[in-house]
Structures are given as C-alpha cells and as structure tokens.
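As a plain string of letters, each chain reads:
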Amino acid sequence: MNMAETLHFEAIRGQLRHGEPMSRHVSWRTGGSADRFYAPADLDDLGSFLRQLPREEPVLFVGLGSNLLVRDGGFRGTVVLMHATKLRPRLESGLIYAEAGVASPKVARFAALHDMEGAEFLAGVPGCVGGALAMNAGCYGGETWDIVERAVTIDRSGHLVLRGRDEFDIGYRHCAPRPQREEWFAAAWFRLDPGDGESSRGVMKELLARRIETQPLSLPNAGSVFRNPPRDHAARLIEACGLKGFGRGGARVSEKHANFIVNPQGTAKASDIEWLIGHIQRMVYQMKGVVLQTEVRIVGEAP
C-alpha cells in the first residue's frame, strides 16, 4: 500500500482525492494521475493540510494548469489545486489584493471596474495569480512583477509569510525566493495607477481580439511553449525551421502560432508533447544555432 493510501488527515475542510487524473486539470488535457490531490477550502485549511504532509512528500501547486505538462506515469506526490471560481480580488488601502487561486484576467477586469490602469495585460495571461507570480508571467509588454507591491507565501509548515519584492530574484519568465527556500505563493497586492475604466476595457478587448486572431485558443494548448531568446522570437525560429503543422501522435505544432503545441482531438499523450518539444529544440539548434528554453514546466514520471 503506498503513502497516498495510508496517510490520514485531521480537521481538513477541502476535497482530498487519490489517483486523480491530471488531464482534468491541465490545459493540454493529457497526462497521468497524481497520487494525492487536494483542493483546499481556504488558506487556513491549506496550512492545516501542509502541516500534516510528510516532509519528504513532493508537492506540486497547480492553478489552471495552463503552463504545465504532467508525464504519462503521473505525479508521485501531492498536487494542491489553488484555483477556485469563488475567489475574487478586493481593494485594500488603495491596492488590489488577490489570492493565488484567482484567475489573472479577473484582476485585470477588477482593476478596470475601479478605474485603475496597468493590469490590462493580465487579461491575456491564461492562468492564476499564483502561477503568474511564480513565473513572472507577461504578454503585450507587461509583466506581473511590474505591478506587484508585496506577496504572501506559504511554507511546508503551513505558515503564511509576508514577503517584499526584494526577497525574490525576478527576471524574464522567472521568479525565485532569495535565498532559496521551499514555499509557494498564496496571495499578492498589486499597485496600479489611477486610470479610466472604459479605456482599460478597450485595451483588454483589443488584446483579446489579437489573441483570438493569432493564437489557437479553440484547441487544447498550454500557451507559449518556449521563452523568447534575446532579441528574437521562438515562434519565428520554429516557423523558419519549417515546423508549423509538424506532429507526433495526437500532438502538433500549431499552424496558427508556431510557439504553441496543440492537442486537437484530445488524444495526444504527454510523451507525444514532450517528444515534440525536444524535437523542436534539436531542429532549431541544428538549423539556427539557438537553444530554446522551455517556458512550460514538465513534471512527473515516464510511463
């Protein structure tokens, strides 16, 4: 009997499941199962749950699963699902407060509702606040940490800690605790400029129209697969190598945007997608001399 079956938890209020298929929780709609899967009722409940996990237990925090590939063999550990549709941003002393499980576009819409500008780009980030913080997500010229005032993290002991910007190493699609420590984002406060809500909504409408026109949003995908190399674009390099439309199993490089891998019929295995990622990297390096770094996170075990 494995650890997932033998552990018992006291006084938790969230939903605990075993052998949960991660294909239900990642936007690629594929991947193996998690040994244990927990959707906390709130941050206090999350703290109680984390305190009862063994110290050696691998933990993976997931929001909308839009930047994640779980291998077909599944995740040997615990997945914590942070996204909750009931969560909403709120105003606190002139700042916007949002928990990690709030979908990023909600922050953009909330800011516009309160005549604040600078968060419009978050309408184009297909994930939650926690993931946006963890990878400094951005698009259309904006990055998450450009507008973060401070954040709250939670550690293995279930303690919530207030953190300032200077406690993180922040860069392009990168944010890591400084010094290194095992903790996860629980919430953040965003500082925005006064603006005009109608103007902000117009900007968001334009950004979303551009996304619909240029990205394969109607097909299962995980957003941009690779980071843009300095002074270039991953999509341009991939297209220049003739890889648009190239496929493996049920996965293929999008004809609409070469930095997207899609799962059109929902039949792709995680191994098909991972092979395709590696093939793209090899071809771009061989033909263009550029090493593409993945933006998506790949976790779990091979079949």
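See the structure shown above.
First things first, this report covers the structure right here in the doc.

Basis of the calculations
Residues numbered from 1 in each chain as written. Predicted model: local features only at pLDDT ≥ 70, side-chain atom pairs only at ≥ 80, totals over all residues. Heavy atoms only, no water. Helix = DSSP H or I, 4+ residues; strand = E, 2+ residues; numbered from the N terminus. Disulfide = S-S within 2.5 Å. Buried < 20%, exposed > 50% of the residue type's maximum accessible area, 1.4 Å probe, protein only. Phe/Tyr/Trp six-rings, centres within 6.5 Å; stacked < 30°, edge-to-face > 60°. Salt bridge = Lys/Arg side-chain N within 4 Å of Asp/Glu carboxyl O. Axes fitted to C-alpha atoms, helices over the stretch in contact; angles between N-to-C directions. Parallel < 35°, antiparallel > 145°, perpendicular 65-115°, else oblique. Contact = heavy atoms within 4.5 Å. Nonpolar A, V, L, I, M, F, W, Y, C, P; charged D, E, K, R; others polar. Pairing = 2+ DSSP bridges. Polar contact = N/O pair within 3.5 Å; in protein donor to acceptor, adjacent residues only side chain to side chain.

## Regarding the environment of arginine 181
- Here arginine 181 shows up in the loop between β14 (174–177) and β15 (183–190).
- Through-space distance from the C-alpha of arginine 181 to that of isoleucine 298 is 20 Å; in sequence the pair is 117 residues apart.

## Notes on the state of the cysteines
- Applying the stated criterion across every chain yields a total of 0 disulfides.
- With no disulfide partner, cysteine 139 has as its closest neighbouring cysteine sulfur the one in cysteine 128, 15 Å distant.
- For cysteine 139, a relative accessible area of 16% gives the class buried.
- In this structure cysteine 175 is not part of a disulfide, and its nearest cysteine sulfur, from cysteine 128, lies 16 Å away.

## Topic: the packing of aromatic side chains
- One pass over the full model with this rule turns up 8 aromatic pairs.
- With centroids separated by 4.1 Å and ring planes inclined at 10°, the aromatic side chains of tyrosine 38 and phenylalanine 49 adopt a geometry described as stacked. Placement of tyrosine 38 in strand β2 (residues 33–39) and of phenylalanine 49 in helix α2 (residues 43–52) is noted, with a sequence separation of 11 residues between them.
- Using a relative accessible area of 0% as the deciding quantity, one classes tyrosine 38 as buried.
- Centre to centre, the rings of phenylalanine 246 and tryptophan 275 are 6.3 Å apart; their planes meet at 25°, and the pair counts as stacked.

## Concerning the pattern of salt bridges
- Counted by the stated rule, this structure contains 18 salt bridges.
- Measuring nitrogen to oxygen at the nearest pair gives 2.8 Å for the salt bridge that ties arginine 90 to glutamate 92.
- With a relative accessible area of 42%, arginine 90 lands in the partly exposed category.
- On the basis of relative accessibility, which here comes to 25%, the residue glutamate 92 falls in the partly exposed class.
- Among the ionic pairs, lysine 244 bridges to glutamate 239, the shortest N-O distance being 3.6 Å.
- Residue classification places glutamate 239 among the partly exposed residues on the basis of a relative accessible area of 44%.
- Each member of the salt-bridge network shares a partner with another, and the members are Arg163, Glu167, Arg181 and Glu183.

## Some words on the packing of helix α3 (residues 104–113) against helix α5 (residues 197–214)
- Following both chains from N to C, one finds α3 and α5 inclined at 150°, their axes separated by 7 Å at the closest point. The angle between α3 and α5 falls in the class roughly antiparallel. Of α5, the residues touching α3 (which contributes Ala108, Arg109, Ala112 and Leu113) are Gly197, Ser200, Arg201 and Met204.
- Of the residues in the contact of α3 with α5, the class split is 4 nonpolar, 2 polar and 2 charged.

## Some thoughts on the sheet that holds strand β19 (residues 261–262)
- Strands sit in the order β17-β18-β19 across an open sheet of 3 strands; the sheet is antiparallel. Each edge of the sheet is formed by a strand with only one pairing partner; in this case those strands are β17 (247–248) and β19.
- Across 2 bridges, strand β18 (residues 251–253) lies against β19 in antiparallel orientation. Considered in β19, the bridge of arginine 252 is made with valine 262.
- Packing of helix α7 (residues 270–288) onto the sheet brings it into contact with β17, β18 and β19, and relative to β18 it is tilted by some 25°.

## A word on the side chain of serine 27
- Along the chain, serine 27 falls in the loop between β1 (15–21) and β2.
- A relative accessible area of 17% places serine 27 in the buried class.
- A distance of 2.6 Å separates a polar atom in the side chain of serine 27 from the backbone oxygen of asparagine 221.
- Residues within four places of serine 27 in sequence aside, it is in contact with Leu64, Gly65, Ser66, Pro220, Asn221 and Ala222.

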